[in-house]
Amino acid sequence: MARLYFDGNSELIRDKIIAMIGFGNQGSAQALNLRDGGFKVIVGNIEDEYAERARKLDFTVYSISNAVKQGEIIVMAIPDEVQPEVWSRDILPNLAPEKIVIFLSGYNIYYGFIKPPKDNDVIMVAPRMIGEGVRENFVNGRGFPVLIGVANNHSGKAWDYALSYSKAIGAIGKPGGVAVESSFEEETITDLFSEHTWAGAFLFMLAEGYRILIENGVSPEAAMLELWASGELIAITKAIVEKGLFAQLRGHSTTSQFGHLTWGPKYVTDEVKKLMREAIRQIKDGTFAKEWLLERLAGYPVFNRLWDEITKSDVWRDEDRLYRLLGRR
Ligand code: NAI
């Protein structure tokens, strides 16, 4: 069993200047939480719309190199695939010894794309929560789960800093909050595994389910509302979190329970299990990381083509029409 922490001592970093490198999903949410908690936050960002947003919210925005020079804790809140380049150009040359570096995912350290010096603490605090949730939970007085890990423990206090930062961003010390002792490796494997297996399959399965219902004479509106647009999924997910993966089924009708239990397992075929094992193999041996790196270096050709296919699809078009009628767009 992993060790779980429900609280930490945020006073350990109370007087340190926290340089939030990036002001996107996680960066903006964590910076706002930290500032509301009375911590000293500056933002390091390239000159783009994210920098403008940070300024509008009254943060002082510096270039990334300048923020690294001033910060005592450097938080890597920019996309994983751009981090190696930004690290070698703007961060490493300005990273004095003893500064604490915090990663929000294990990706670049696990794959060795970033090799930090030995005289810095290198910590991971990876929220199991999208940025919006990080902020929303904080505003509502709730915590959220984080995986924590240590790559360099130069000061001997790296684990304490990980808990301290977890508390400072509002993850622990509140109901719903927990920090799980983990590692850069475990975070990377589990995070990518979800994305490459059920999470992606779920979206494509719903899209295909929509087409099959339409083929069978169901109206697009009824099909889409049944499959995802009604919000029922939110209630089910909430029940999964609160009651348990299968225990929540008791809240469905008995007809629904019987249907779930008889039909659900039929989709988990040997072929699907093989595919899931293949996904984890390609995560562990670096095949996926290499593919994603090459994709970025080539200017995202496959990524853009796939997005193009999706945005031109029947499901995208029909959804747009329904969401406009429902006033969601
Ligand atoms: P994001 O995509 O929202 O990042 C946007 C920020 O990156 C902006 O400030 C932008 O100016 C900056 N940026 C983009 N390209 C840049 C470049 N070429 N050079 C310099 N800055 C650039 O990032 P997100 O999603 O917040 O992810 C940040 C980290 O948090 C990643 O390590 C990610 O794995 C981790 N994470 C993200 C979660 C999420 O909710 N999105 C959940 C848990 C962890």
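Throughout what follows, the structure given in this document is the object of discussion. Note that the structure is a prediction, hence the values are computed from the model and not measured. Per chain, residues are indexed from 1 in the order of the written sequence. Since the coordinates come from a predicted model, pLDDT governs what is reported: local features require at least 70, and pairs of side-chain atoms require 80 or more to be given and counted, while whole-chain, interface and lining totals use all residues. Where side-chain values are given, they derive from all heavy atoms of the structure, hydrogens and water being excluded.

## A closer look at the sheet that holds strand 6 (residues 100-103)
(1) Moving on: Paired strands, in this sense, are two strands between which DSSP finds at least two bridges. Strands are runs of DSSP state E lasting at least 2 residues, helices are runs of H or I lasting at least 4, and numbering of each runs from the N terminus. The nine strands lie next to each other as 1-9-8-7-6-5-2-3-4, forming an open sheet whose pairing is mixed. Bordering the open sheet on either side are strand 1 (4-5) and strand 4 (61-62), each of which pairs with just one other strand.
(2) Moving on: In this structure, strand 3 (residues 40-44) lies alongside strand 4, joined through two bridges in parallel fashion. Each bridged residue has a counterpart across the sheet, and for V43 the counterpart in strand 4 is V61.
(3) Moving on: Contacts: residue pairs with any heavy atoms within 4.5 Å of one another. Here the axes come from fitting lines to C-alpha atoms, over the contacting stretch only for helices, and the angles between their N-to-C directions go from 0 to 180 degrees. Most of the contacts of helix 1 (residues 25-36) go to strand 2 (residues 17-21), to which it runs at about 160°, and overall it touches strand 2, strand 3, strand 5 (73-76) and strand 7 (121-127).
(4) Moving on: Each of strand 1, strand 2, strand 5, strand 6, strand 7, strand 8 (145-152) and strand 9 (178-181) is contacted by helix 7 (residues 158-168), which is oriented at about 150° to strand 8, the strand it contacts most.

## Considering the nonpolar core
(1) Moving on: Throughout this description, the term nonpolar core refers to a set of buried Ala, Val, Leu, Ile, Met, Phe, Trp, Tyr and Cys residues connected via side-chain atoms within 4.5 Å. Using a 1.4 Å probe on the protein chains alone, a residue whose accessible area is under 20% of its type maximum counts as buried, one over 50% counts as exposed, and one in between counts as partly exposed. Of all hydrophobic cores here, the largest spans 38 residues; its most connected members are L34, I102, V125 and Y165.
(2) Moving on: With six residues, helix 7 is the largest single contributor of residues to this core.
(3) Moving on: Look past the residues within four positions of V125 in its chain and what remains in contact with it is I102, F103, L104, V146, L147, I148, A162, Y165, S166 and I169.
(4) Moving on: Formed by 24 residues, the second largest nonpolar core is a distinct cluster that contains A19, V86, I91 and L147.

## Focus: helix 15 (residues 314-325)
(1) Moving on: To estimate the expected span of a helix, count its residues, drop one, and scale the result by 1.5 Å. With twelve residues, helix 15 should reach 16 Å at 1.5 Å per residue; the first-to-last C-alpha distance of 17 Å fits that figure.
(2) Moving on: Of all the residues in helix 15, the buried ones are V315, D318, E319, L322 and Y323. For helix 15, the angular spread of buried residues about the axis comes to 130°, placing them on one side. Of the residues in helix 15, the exposed ones pointing more than 90 degrees away from the buried face are R317, R324 and L325.
(3) Moving on: Of the surrounding elements, those touching the buried residues of helix 15 are helix 8 (184-215) and helix 9 (220-229).
(4) Moving on: Two residues or fewer past helix 15, G327 is found with a positive phi of approximately 75°. Arc definition: directions from the helix axis to the C-beta atoms.

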